[in-house]
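Each chain, written out:
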Number of protein chains: 2
Amino acid sequence: MEIKPELCRVDDALGILTGKWKPIILLHLLTKGTQRFSELKRNMPGITQKMLTNQLRDLEEEDIVQRVVYPQVPPKVEYSMTDYGKSLEPILRAMHDWGAKHSVHKKQKMVSE
Amino acid sequence: MEIKPELCRVDDALGILTGKWKPIILLHLLTKGTQRFSELKRNMPGITQKMLTNQLRDLEEEDIVQRVVYPQVPPKVEYSMTDYGKSLEPILRAMHDWGAKHSVHKKQKMVSE
DNA sequence: CAGGATCCTCCAAGATACTG
DNA sequence: CAGTATCTTGGAGGATCCTG
């Protein structure tokens, strides 16, 4: 597909992925499958409940993640990628692969200084 | 390459691409090649000089775009992608392709409501 | 356990004006 | 033509406390 900057919707993808924690949330859900709220929180040191909730709500609203509530005590809520959300994987993968090279690039710049 | 959320550098790529105008600047430079400041500005309705300058400075600092100043009157400054910057193309292309599908997805949701 | 409700901080983004 | 220099503001991000 040819890229046409004028009518291109790159910003749509970016709008979904940007947010300080969204990329890593998606990576966790993509690689490890369905996870509970507390599991996600445990796997992301530094994130607050509020932020995790906010980001998940955003992603849910965009139909990227699915939220399933089990009506029981104590509460149990599971999050997973929707099929639509899984379509983001090529983007995340491209960024991941690039990120690996990037760290090398940075190191090379360091050395040459 | 396997994705490992914990040590993954997805945020590096995102840090470079986020910025309200960076993606479209990069798309213009990737598809049309070297361009002058005024050409870029003309092709991006709504952007202010300040923002264009800021974003270009950021990208230059990251070694993504190259800035060439011709010492003449009136001034002439050309911007182009570095080889390193061109390595971002797969990411932008992935986002572009996804964006095309996304618009369809949104339309389908509209219809089903 | 999985949040909701508040309050606060900070800075990207924009508007505007000036200049070599 | 291609920038700097200020000033301002909305909202993302964070800290903290409360609850079914």
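Residues numbered from 1 in each chain as written. Chains lettered and ligands numbered in written order. Predicted model: local features only at pLDDT ≥ 70, side-chain atom pairs only at ≥ 80, totals over all residues. Heavy atoms only, no water.

## Comments concerning the relation of the copies chain A and chain B
Our working definition: Our superposition of the copies is a least-squares fit, built on the C-alpha atoms of residues whose pLDDT is at least 70 in both. For this analysis, residues touch if any pair of their heavy atoms sits within 4.5 Å.
When chain A is brought onto chain B, the operation consists of a screw motion whose angular component is 180 degrees and whose axial shift is 0.0 Å, with 0.0 Å RMSD remaining. The superposition of one copy onto the other is thereby described by a two-fold rotation axis. Across chain A, the smallest distance between a C-alpha and the rotation axis is recorded for A:Ile91, namely 3.0 Å. When the interface residues of chain A are mapped onto chain B, 100% of them are again interface residues, pointing to one common binding face.

## Details of the pattern of salt bridges
Residue and element names in this part refer to chain A. Short version of the rule: Salt bridges are defined as contacts in which a side-chain nitrogen from Lys or Arg sits within 4 Å of a carboxyl oxygen from Asp or Glu. To sort residues, take the accessible area from a 1.4 Å probe on protein chains only and compare it with the maximum for the residue type: under 20% means buried, over 50% means exposed, and anything in between is partly exposed. The helix count covers DSSP runs of H or I at least four residues long, the strand count covers runs of E at least two residues long, and both are numbered beginning at the N terminus.
In the structure shown here, the tally under the stated rule is 10 salt bridges over all chains. Note that lysine 76 is salt-bridged to glutamate 78, the shortest N-O span being 3.9 Å. By relative accessible area, lysine 76 is classed as partly exposed at 22%. Notably, a salt bridge pairs aspartate 83 with lysine 86, separated by 3.9 Å at the nearest N-O pair. Taken together, the residues span about one helical turn, with aspartate 83 and lysine 86 both in helix α5 (residues 83-86) at a distance of three residues. For aspartate 83, a relative accessible area of 65% gives the class exposed. Accessibility expressed as a relative area gives 44% for lysine 86, which makes it partly exposed.

## Points about the pairing of strand β3 (residues 76-81) of chain B
Our working rule: Strand pairing is assigned whenever DSSP detects at least two bridges linking the two strands.
Here β3(B) lies mainly inside the structure; five of its six residues are buried. Remark: five residues form the turn of the hairpin made by strand β2 (residues 65-70) of chain B and β3(B), two consecutive strands paired antiparallel.

## Considerations on the protein's contact with DNA strand C
How we decide: Near, as used in this document, describes a residue that has one of its heavy atoms within 4 Å of the molecule or strand being considered. Under this definition, polar contacts are N or O atom pairs within 3.5 Å; protein pairs additionally need one hydrogen-donor-capable and one acceptor-capable atom, and for neighbouring residues in sequence, both atoms have to be side-chain atoms.
For DNA strand C, the set of nearby residues contains 21 residues, the closest of which are A:Ser38, A:Arg67, A:Tyr79, B:Lys20 and B:Lys50. The sugar-phosphate share of atoms of DNA strand C within 4 Å of the protein amounts to 78%. One of the side-chain N or O atoms of A:Arg36 is found 3.1 Å from a phosphate oxygen in DNA strand C. In the model, a phosphate oxygen of DNA strand C is placed 2.8 Å from a nitrogen or oxygen of the A:Ser38 main chain. Among the elements of the structure, α3 (37-43), α4 (49-61) and β3 (76-81) of chain A together with α4 (49-61) of chain B are those that each provide at least two residues to the surface near DNA strand C. Sorting elements by how many residues they give to the surface near DNA strand C places α4(A) first, with four residues.

## Some words on the interface of chain A and chain B
Going by this rule: Simply put, the buried area is the total loss of 1.4 Å probe accessible area from both parts when two parts are fitted together.
Contacts between chain A and chain B engage 42 residues on the former and 42 residues on the latter. Roughly 3900 Å² of surface becomes buried between chain A and chain B when both sides are summed, with 71% attributable to carbon and sulfur atoms. Considering only the surface of chain A that becomes buried against chain B, A:Ile3, A:His96 and A:Trp98 emerge as the three largest contributors, covering 18% of it. In this assembly, chain A and chain B are joined by zero salt bridges.

## What about the protein's contact with DNA strand D?
This is how it is decided: As a working rule, the residues Ala, Val, Leu, Ile, Met, Phe, Trp, Tyr, Cys and Pro are called nonpolar, Asp, Glu, Lys and Arg charged, and the rest polar, with Gly in that last group.
As a structural note, the neighbourhood of DNA strand D is formed by 21 residues, with A:Lys20, A:Lys50, B:Ser38, B:Arg67 and B:Tyr79 the closest of them. Each atom of DNA strand D within 4 Å of the protein was classed as base or backbone; sugar and phosphate made up 76%. Here a phosphate oxygen of DNA strand D sits 3.1 Å away from a polar atom, N or O, in the side chain of A:Trp21. Take B:Arg36: an N or O atom from its side chain is 3.0 Å from a phosphate oxygen of DNA strand D. Mapped by element, the contributors of at least two residues to the surface near DNA strand D are α4 of chain A together with α3 (37-43), α4 and β3 of chain B. The leading source of residues in the surface near DNA strand D is α4(B), at four residues. Residue composition of the surface near DNA strand D, by class: eight nonpolar, six polar and seven charged.

## Here we look at the sheet that holds strand β2 (residues 65-70) of chain A
All names here are of chain A. As a reminder of what qualifies: Fitted lines through C-alpha atoms serve as axes, helices being fitted only where they are in contact, and the angles separating the N-to-C directions of these axes extend from 0 to 180 degrees.
The three strands lie next to each other as β1-β3-β2, forming an open sheet whose pairing is antiparallel. Edge positions in the sheet fall to β1 (35-36) and β2, since each of these pairs with one other strand and no more. By the bridge criterion, two bridges tie β1 to β3 in an arrangement that is antiparallel. Of the residues in β3, the one forming a bridge with arginine 36 is glutamate 78. Set on the sheet, helix α2 (residues 22-32) makes contact with β1, β2 and β3; between it and β3 the angle comes to about 85 degrees. Sheet strands touched by α4: β2 and β3. Its angle to β2, the strand with the most contacts, is close to 115 degrees.

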